[in-house]
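# Breakdown of the fold
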Amino acid sequence: MKLFHFTDLEKKAESILGSHPFTYIKSGSGDEETLGDNIADLRKWKIRPKFLQDVSKRDLSISLFGKNYKTPYLLAPVGNLGIVHPEAELAVSRAAKQVGVPIIASTVTSVSMEEIAAEAGDRWFQLYCSSDMDITLSFIRRAEQAGYGAIVITVDMPALGFRASDLTNQYAPFKLGAASGNYFSDPVFQKKLACSPSKDFQRAVDEQLKHLFAPGFSWEDVAALRMATDLPILLKGILHPSDAKKAMEFELDGIIVSNHGGRQLDGCISSIAALPAIVDEVGGRIPVLFDSGIRKGADVVKALALGADAVLLGRPYVYGLAINGEEGVKEVLDNFIYDLDATMATAGVNAVSALDRDLLVRT
Ligand SMILES: Cc1cc2nc3c(=O)[nH]c(=O)nc-3n(C[C@H](O)[C@H](O)[C@H](O)COP(=O)(O)O)c2cc1C
Ligand SMILES: O=C(O)C(=O)c1ccccc1
C-alpha cells in the first residue's frame, strides 16, 4: 500500500470504493462545519518541543481498567463495514490483534459479535441501545459471554444526523442488511420477529430499523444498565462537562469525548475544543478517551497532552480496509504507531504518561 499520508489514503480508498459508499464514510452531517472544525481546531494547538531530554527509549504504553496496552490507540466502532470489504470486521479484528490494539466492535456489524470475538484480541462492545430493553440486555449478556472487556454506550445518536449527501444519494447501507449481524443472530429479536431473518429478509431489516434508534433512552435507562452488568461501562459522544459529571454520578467507568466524526450534530463543538473542560471536570477520576479528527501522530500527542488517556481511530483504518483488507488495516496502524513514536521523540517526550499541557500552546 505504501501510503503514509491521510489524504493519499483517502484518495486511494475513493478510487476503490463506489461513489455512494465512499461518500457515506467520508461525509459529515449538514454542511460539514463540525467535520472541518475537528481538523482545523486540532491545528490551532501547536507543540512546543523541549530538547535534550534523553528520548533514546520511548514508552507508548497505557493502562485502562487495570490492563496494559502497548499503545494509546483503539479502533473506533464503525458500523456497516460490509460495504467496504468482504471480510469487513473480521479483517479489522485480525489486523488489530496482530498489532496489539483493542477494537471496539459496533452494534451494527455485518457479522455477529461472537464471530468477531473468535478472531479478535482485546475487544470492547459498542452498544446502540435498542428501543426494546430486552434486546439491549440480550446484547449485553452476549458481549459478556463472548469475552468483551467493556461496554461502550454511544449516546450521540438518538436519531440519525442530517446527512445531506447520503440523502441526495438515497444511500442507507443499514437498510441493505450490511449492519444486521447482531440483530439477526439475536434470540430475543428472532423470537419477536416470529420468523427467520433469512426467510423474510426485508421484514427483518425493517424490524431492526424500528429498534435500532432509541430516542427515548435516558439517564434512568443508563442506571438500569449499570445494574445489569459488572463490565466497565463508558459513554461515547460526550461533549459537555456536565454530562461527564453525570456519568461519574451514575458510577460509570469512563467517557469518550467524540462528536461521531462530525456525522451527527453539525454546528456542534469540535471534539478537541470540548476536551480540556471535560478533562478538568473529571479530574482523573475515570479515564477520558478521545476521537474525531485524529489523522497523524501530532494529533495524538495533542489529544493526550490535553488530558485524554487514549485515542480512537475511525476513518483512517476504514480506508486501510478498503484498500487492502487485513493487511491494509495493519499498515495504517503500523504507520500511526511509527508516527506517534517519531513525534514524541522529536517533541522531546519519552513516555505517553509524561505528556501534559505544558507541551502545547494555542495559536
Ligand atoms: C462509516 C462510519 C460508521 C460509524 N459507525 C459507528 C457506529 O456504529 N457506532 C459508533 O459509536 N460510532 C460510529 N462511528 C463513529 C466512530 O466511532 C468515531 O467516533 C469517528 O469515526 C471518529 O472520527 P474520525 O473518523 O474522524 O477518526 C462511525 C463512523 C464512520 C465514519
Ligand atoms: O454512520 C454512522 O455514523 C453510524 O454510526 C450509523 C449506525 C447505524 C445506522 C446508521 C448509521
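Here the structure is a predicted model, which is why all the values come from computation and not from measurement. (Residues numbered from 1 in each chain as written. Chains lettered and ligands numbered in written order. Predicted model: local features only at pLDDT ≥ 70, side-chain atom pairs only at ≥ 80, totals over all residues. Heavy atoms only, no water.)

Before going further, it helps to spend a moment on the overall build of the chain. In terms of helices and strands, the chain carries 15 helices and twelve strands. Here the C-alpha radius of gyration of the chain, 20 Å, is about what a compact globule of 363 residues would show, namely 21 Å. Principal-axis analysis of the C-alpha atoms gives the chain an extent of 70 × 45 × 40 Å. Of all 363 residues assigned to the chain, the portion counted as buried reaches 57%. Considering only contacts within the chain whose residues lie at least 6 apart along the sequence, 74% involve residues at least 24 apart. Positive and negative charge centroids in the chain, built from 38 and 46 side chains respectively, lie 2 Å apart. (Helix = DSSP H or I, 4+ residues; strand = E, 2+ residues; numbered from the N terminus. Rg over C-alpha atoms; globule rule 2.2 N^0.38 Å. Buried < 20%, exposed > 50% of the residue type's maximum accessible area, 1.4 Å probe, protein only. Contact = heavy atoms within 4.5 Å. Lys, Arg positive; Asp, Glu negative; His and termini not counted. Charge placed at Lys NZ, Arg CZ, Asp CG, Glu CD.)

With that settled, consider the site of ligand 2. Around ligand 2 sit Y24, V108, Y128, M157, L160, R163, F174, L212, H260 and R263, and those are all the residues in its vicinity. Contact distances for ligand 2 include 2.5 Å between an oxygen atom and a side-chain N or O atom of Y24. Here H260 contributes a side-chain N or O atom positioned 2.9 Å from an oxygen atom of ligand 2. Coverage of ligand 2 by the protein amounts to 94% of the 290 Å² it exposes when considered alone. Within the shell around ligand 2, the residues separate by chemical class into seven nonpolar, one polar and two charged. (Near = heavy atom within 4 Å. Polar contact = N/O pair within 3.5 Å; in protein donor to acceptor, adjacent residues only side chain to side chain. Areas by Shrake-Rupley, 256 points an atom, 1.4 Å probe, with all protein chains shown as cover. Nonpolar A, V, L, I, M, F, W, Y, C, P; charged D, E, K, R; others polar.)

Here helix α4 (residues 88-99) spans 17 Å end to end across twelve residues, near enough to the 16 Å set by a 1.5 Å rise per residue. Within α4, nine of the twelve residues are buried, which leaves the element mostly enclosed by the surrounding structure. Regarding α4, the residues found buried are A88, E89, L90, A91, V92, S93, A95, A96 and V99. The secondary structure elements touched by the buried residues of α4 are β4 (73-75), β5 (103-105), α5 (113-119) and α15 (315-347). Just beyond α4, the residue with positive phi is G100, at close to 85°. (Expected span 1.5 Å × (residues − 1).)

Membership of the largest hydrophobic core comes to 123 residues, with the highest contact counts inside it found for L75, W124 and L275. At 14 residues, the largest contribution of residues to this core is made by α15. Residue contacts for L275: discarding those within four places in its chain leaves V257, V288, F290, A303, L306 and A308. (Core = buried A, V, L, I, M, F, W, Y, C linked by side-chain atoms within 4.5 Å.)

What follows is about the environment of W45. In this structure, W45 sits in strand β1 (residues 45-47). Sequence separation between W45 and I272 is 227 residues; the distance between their C-alpha atoms is 9.4 Å. Those residues within four positions of W45 in sequence are excluded, and the remaining contacts are I272, K302, L306, L360, V361 and R362.

On to the site of ligand 1. As a structural note, the neighbourhood of ligand 1 is formed by 22 residues, with P77, S106, T154, D291 and R295 the closest of them. Here ligand 1 loses 98% of its free accessible area of 600 Å² to cover by the protein chains.

Looking now at the UniProt feature "domain: FMN hydroxy acid dehydrogenase" (unreviewed entry) in the chain. UniProt records the feature "domain: FMN hydroxy acid dehydrogenase" (unreviewed entry) for residues 1-363 in the present numbering. Across residues 1-363, the secondary structure splits into 45% helix and 12% strand, with the terminal C-alpha atoms separated by 35 Å. (UniProt positions renumbered as here; feature names shortened; annotations may be inferred.)

Right, let's get into the pairing of strand β8 (residues 233-238). The element β8 is largely enclosed, with a buried count of six among its six residues. Pairing analysis gives four bridges linking strand β7 (residues 151-154) to β8, with the strands arranged parallel. The residue of β8 that forms the bridge with I151 is I233. Bridge count between β8 and strand β9 (residues 254-257): four bridges; the pairing is parallel. Bridged to L235 within β9 is I255. Assessed by its sense of winding, the connection that carries the chain from β8 through helix α12 (residues 241-249) to β9 is right-handed. (Pairing = 2+ DSSP bridges. Right-handed = clockwise from strand over helix to strand, strands pointing away.)

Below, the discussion takes up the packing of helix α14 (residues 297-305) against α15. Interaxial distance between α14 and α15 falls to 8 Å at its minimum, and their mutual angle equals 65°. Taken as a pair, α14 and α15 cross one another with a handedness that is right-handed. Across the interface between the two elements, G297, A298, V300 and V301 from α14 touch D339, L340, T343 and M344 from α15. Among the residues forming the contact of α14 with α15, the class breakdown is five nonpolar, two polar and one charged. (Axes fitted to C-alpha atoms, helices over the stretch in contact; angles between N-to-C directions. Left-handed = near helix turned anticlockwise from the far one by under 90°.)

Here S29 lies in the loop between α2 (19-26) and α3 (33-44). By relative accessible area, which is 1% here, S29 ends up buried. Not counting residues up to four positions away in its chain, the partners in contact with S29 are F162, R163, G262, R263, Q264, L265 and D266.

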